[in-house]
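# Per-entry structural report
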Amino acid sequence: MTQTLSPLELLKASPPAARPVVALSEGTDPRVVAGALAAHQAGIADVILVGPKAEVEAALQAESASASVGVAIHDPASSELTAAFATEYYELRKHKGVDEAKARAAAETPLVYAAMLVRLGHATGTVGGAVHTTGDVVRSAIQVIGMAPDAGMVSSFFLMYPPESAPIGARAMLYSDCGLVIDPKPSEMVAIAAASARSARALLRVDPKLAFLSFSTTGSAKHPAVDKVTEALSLFRETYPDVPADGELQFDAAFVPAVGERKSPGSSVAGQANVMIFPNLDAGNIGYKITQRLGGYSAIGPVLQGLAKPANDLSRGCSAEDVTQIIAVTILQANP
């Protein structure tokens with residue numbers, strides 16, 4: 001089995017020419033502090049911890065007596081940048097009824113402040129979600145950083161890495177969408193798939209082969225839910241004819257070569273897929289957790305895609321190691 005390098009390993013092997021800066025919007029959380037320090041000490045990034053200064057300093061001190069060396073602390077309540085961020089936020093949101101007072105209050109919240117650091121070029125990307133909900137993280141990112149010009153929507157994915165003990169044929173994969181879009185329409189599945197193909201190239205360093213997943217394989221069942229998947233595949237092939245994609249495929253037909261050959265003979269994707277496009281959030285979220293908990297795969301995410309600049313979410317059950325890996329992902333997204 002060829003073991004794909006993790007995001008952290010990729011960065012250590014080939015760091016970007018310019019030292020990245022990543023803003024952590026939850027700078028008082030012990031896991032965020034430990035993960036940020038590990039990224040800084042590994043030499044992959046400089047970090048900004050955002051939050052009340054005394055609380056961030058206490059969290060740093062609890063982690064290591066020398067932890068604050070080389071780590072920036074930004075307190076939105078007293079930062080010299082906050083006034084400019086408030087002005088920028090007002091200009092962005094005044095059409096939604098935000099006045100100057102509300103803009104100032106928003107700029108003093110860690111999520112908005114960290115996103116503004118990215119928007120205005122003070123940071124390469126931002127990471128949050130250890131404390132805040134996915135909805136809060138995504139909302140701030142969309143409102144402040146905005147969507148990429150070529151993105152139809154913002155979606156998410158997980159990077160799935162097989163354990164060392166995995167059998168021959170196991171491989172790193174990208175699962176999407178497992179954390180954000182509940183019930184995508186066919187056109188939205190196309191946007192998710194296109195973004196996922198780009199993400200697979202940037203983060204797994206593979207040529208993407210996309211499987212549009214279903215409970216049916218090439219017509220074995222008839223149902224409107226299957227029709228949605230086949231319509232999405234048809235639209236994708238029309239729009240991105242050079243990207244290998246197939247469907248509808250059951251997971252075993254997408255993943256296992258012998259099953260793929262039997263259920264979808266002649267397919268260039270069946271049995272070899274490395275990007276799994278799920279039909280809805282139920283399937284995606286359940287699927288990645290089964291792969292992680294029963295299959296022993298490591299899951300990195302949810303990672304956001306479709307934004308103008310990198311901003312990423314953490315699970316509220318994340319570990320310090322998860323934080324470090326998401327920082328690495330954020331850097332790779334900025335340097336594909």
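Residues numbered from 1 in each chain as written. Predicted model: local features only at pLDDT ≥ 70, side-chain atom pairs only at ≥ 80, totals over all residues. Heavy atoms only, no water.

Glancing now at the nonpolar core. Counting residues in hydrophobic clusters, the biggest one holds 55 residues, and the most contacted among them are Leu24, Ile44, Leu159, Leu210, Phe212, Phe236 and Ile327. Looking at this core, the element that brings in the most residues is helix H8 (residues 186-203), giving eight residues. Not counting chain neighbours up to four residues away, the residues in contact with Phe212 comprise Met189, Ala193, Val229, Ala232, Leu233, Phe236, Ala245, Asp246, Gly247, Glu248, Leu249 and Ile277. Counting residues in each nonpolar core, the second largest holds 27 residues, with Val50, Met116, Ile145 and Leu307 among its members. (Core = buried A, V, L, I, M, F, W, Y, C linked by side-chain atoms within 4.5 Å. Buried < 20%, exposed > 50% of the residue type's maximum accessible area, 1.4 Å probe, protein only. Helix = DSSP H or I, 4+ residues; strand = E, 2+ residues; numbered from the N terminus. Contact = heavy atoms within 4.5 Å.)

Side chains that carry opposite charge are capable of pairing whenever their charged atoms lie near each other. What the rule picks out here adds up to nine salt bridges. The partner of Arg31 in a salt bridge is Asp29, and the shortest N-O contact between them spans 3.0 Å. The exposure class of Arg31 is partly exposed, given its relative accessible area of 25%. Note on Asp29: relative accessible area 11%, which makes it buried. Note that Asp246 and Arg237 form a salt bridge whose closest N and O atoms lie 3.2 Å from each other. Accessibility expressed as a relative area gives 9% for Asp246, which makes it buried. Under the relative-accessibility criterion, Arg237 is labelled partly exposed at 42%. (Salt bridge = Lys/Arg side-chain N within 4 Å of Asp/Glu carboxyl O.)

In this section: helix H5 (residues 100-107). Restricting attention to buried positions, one finds in H5 the residues Ala103, Ala106 and Ala107. Taken end-on, H5 shows its buried residues confined to a sector of 95°, consistent with a single buried face. The exposed set on the far side of H5, more than 90 degrees from its buried face, consists of Ala101 and Lys102. Its side-chain oxygen placed 3.2 Å from the backbone nitrogen of Ala101, Asp99 serves as the N-cap of H5. (Arc of directions from axis to C-beta. Polar contact = N/O pair within 3.5 Å; in protein donor to acceptor, adjacent residues only side chain to side chain.)

What follows deals with the pairing of strand E6 (residues 173-176). Alternating positions in E6 separate into two faces, Met173 and Tyr175 on one and Leu174 and Ser176 on the other, with burial throughout. Summarising the sheet, strand E5 (residues 155-161) and E6 pair through four bridges and their orientation is antiparallel. Bridge pairing links Phe157 to Ser176 in E6. Here E6 pairs with strand E9 (residues 275-277) via three bridges, running parallel. (Pairing = 2+ DSSP bridges.)

If you walk through the whole model with that rule in mind, you get one cavity of 30 Å³ or more. By volume, the largest cavity is sized at about 70 Å³. Considering the residues around the largest cavity, the lining is formed by Ser25, Leu111, Ala115, Thr126, Val127, Gly128, Val137, Ser140, Ala141, Ala311 and Asn312. Residue classes in the lining of the largest cavity are distributed as six nonpolar, five polar and no charged. (1 Å grid on protein atoms, 1.4 Å probe; cavity = no way out; pocket = protein on both sides within 12 Å on 5 of 7 lines; lining within 4 Å. Points joined across faces, edges and corners; volume = space filled by probe spheres on them. Nonpolar A, V, L, I, M, F, W, Y, C, P; charged D, E, K, R; others polar.)

What follows deals with the sheet that holds E9. Strands pair in a sheet through their backbones, by hydrogen bonds, and they do so in one of two ways: parallel or antiparallel. An order of E8-E7-E9-E6-E5-E10 is seen for the six strands of this open sheet, with the pairing classed as mixed. The sheet is open, and its two borders are formed by strand E8 (245-249) and strand E10 (298-305), each paired with just one other strand. For this sheet, the mean inter-axis angle between neighbouring strands, taken without regard to orientation, is 25°. Of the pairings in the sheet, the one linking strand E7 (residues 210-213) to E8 comprises four bridges and is parallel in character. Each residue of the ladder has a partner; that of Phe212, found in E8, is Gly247. Helix H13 (residues 320-334) rests against E5 and E10 of the sheet, and its axis sits at about 40° to E10. (Axes fitted to C-alpha atoms, helices over the stretch in contact; angles between N-to-C directions.)

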